[in-house]
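Chain and residue survey
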Amino acid sequence: MAISLPDVPFQISYPQLVESVSVSRAGSRAMAFVEYADAYWTVQMRTVPLTAAQRLLVEAFKDASRGGLITVTYTPKHMCVPRAYWGDAANTKLTNTGSLVSITGNSLVINSVDNGLVLAAGDIISLTTGSYNSLFRVQAGATSSSNTMTITVEPTVPSYITTGAVVTFKDPIANMRVVPGSFSMPDDFNPVATFTLVEIPK
């Protein structure tokens, strides 16, 4: 079971990739860097000042999220299309999802895409296997030809995303949950609600 964000306007907020890396030191010098856990996405959400009706929608969302027990399906609305299609979000190349053919390190081969689809560094895509939805930021892009493209992404693709995954280029999706204790909405006229989302597998 998953719920959606409340249907209210949000201020600009961008997903941030959190790297779990520790460093060993000798004096003031860094000697060794170790990744001790998988990277994950987090988003600081802020609504616009809410009307009375919008406040009720946000309160209903807060209750439905059950303090982080329920998955929230998140789409980064301010990064919802690749850079090459800013101002052209209805381009038909974006509506055809791709299929993940192979994963080699952080390099992905994708087919079943429209020829001429352009992805560039910084673009956000998502991969879906069953009920698992994950976001990825393009590091090295490409222009598709012969209905295929090879790109490099961060973070590393987790084991629950497998070949055959659906690749979404427009309105990518991720599974998130509300961080317990992060929700805040003052008892004011036109309040601004804030809460933090953190990525989970599903």
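Here the structure is shown first, and the text comes after it.
Everything in this summary refers to the structure shown in the same document. (Residues numbered from 1 in each chain as written. Predicted model: local features only at pLDDT ≥ 70, side-chain atom pairs only at ≥ 80, totals over all residues. Heavy atoms only, no water.)

1. Quick look at the packing of aromatic side chains
Using the following cut-off: In this analysis, rings of Phe, Tyr and Trp, with Trp reduced to its six-membered ring, are considered paired at centre separations within 6.5 Å, and the interplanar angle assigns stacked below 30 degrees, edge-to-face beyond 60, and tilted for intermediate values. Only DSSP runs of H or I reaching four residues or more are called helices, and only runs of E reaching two or more are called strands; each is numbered from the N terminus. Only protein chains enter the area calculation, which uses a 1.4 Å probe; residues under 20% of their type maximum are buried, those over 50% are exposed, and those in between are partly exposed.
Evaluated as defined, the whole model comprises four aromatic pairs. Arranged with centres 6.2 Å apart and planes meeting at 85°, the rings of Phe10 and Phe195 form a pair that is edge-to-face. Taken together, the positions of Phe10 in the loop between β1 (2-4) and β2 (16-26) and Phe195 in strand β14 (residues 194-199) put the pair 185 residues apart, joining distant regions of the chain. On the basis of relative accessible area, Phe195 is assigned to the buried category, the value being 1%. Centroid distance Phe183 to Phe195: 5.8 Å. Interplanar angle 15°. Geometry classified as stacked. With Phe183 in the loop between β13 (174-178) and β14 and Phe195 in strand β14, this residue pair connects regions lying 12 residues apart in the sequence.

2. Overview of the sheet that holds strand β9 (residues 132-140)
The cut-off we apply is this: Here, strands pair whenever DSSP counts at least two bridges between them. For helices, the axis comes from a line fit to the C-alpha atoms of the stretch in contact; other axes are also lines fit to C-alpha atoms, and the angle between any two N-to-C directions lies between 0 and 180 degrees.
Pairing is antiparallel in the closed barrel, where six strands are placed in the order β5-β6-β11-β9-β8-β12. Taking each pair of neighbouring strands and ignoring which way they run, the sheet shows an average axis angle of 45°. Bridging between strand β6 (residues 107-111) and strand β11 (residues 148-154) involves five bridges; their strand directions are antiparallel. Counted as the bridge partner of Leu108 is Ile151 from β11.

3. Brief notes about the environment of Tyr14
Rules: It only takes one pair of heavy atoms within 4.5 Å for two residues to be counted as in contact.
Residue position: Tyr14 is located in the loop between β1 and β2. It is 9.9 Å that separates the C-alpha atoms of Tyr14 and Trp41, two residues lying 27 residues apart in sequence. Here Tyr14 is in contact with Thr42, Val43, His78 and Met79, once residues within four sequence places are set aside.

4. A look at the environment of Thr162
Take Thr162: it is sitting in the loop between β11 and β12 (166-168). On a C-alpha basis, the gap between Thr162 and Arg46 in space is 33 Å, while along the polypeptide they are 116 residues apart. Look past the residues within four positions of Thr162 in its chain and what remains in contact with it is Leu100 and Thr129.

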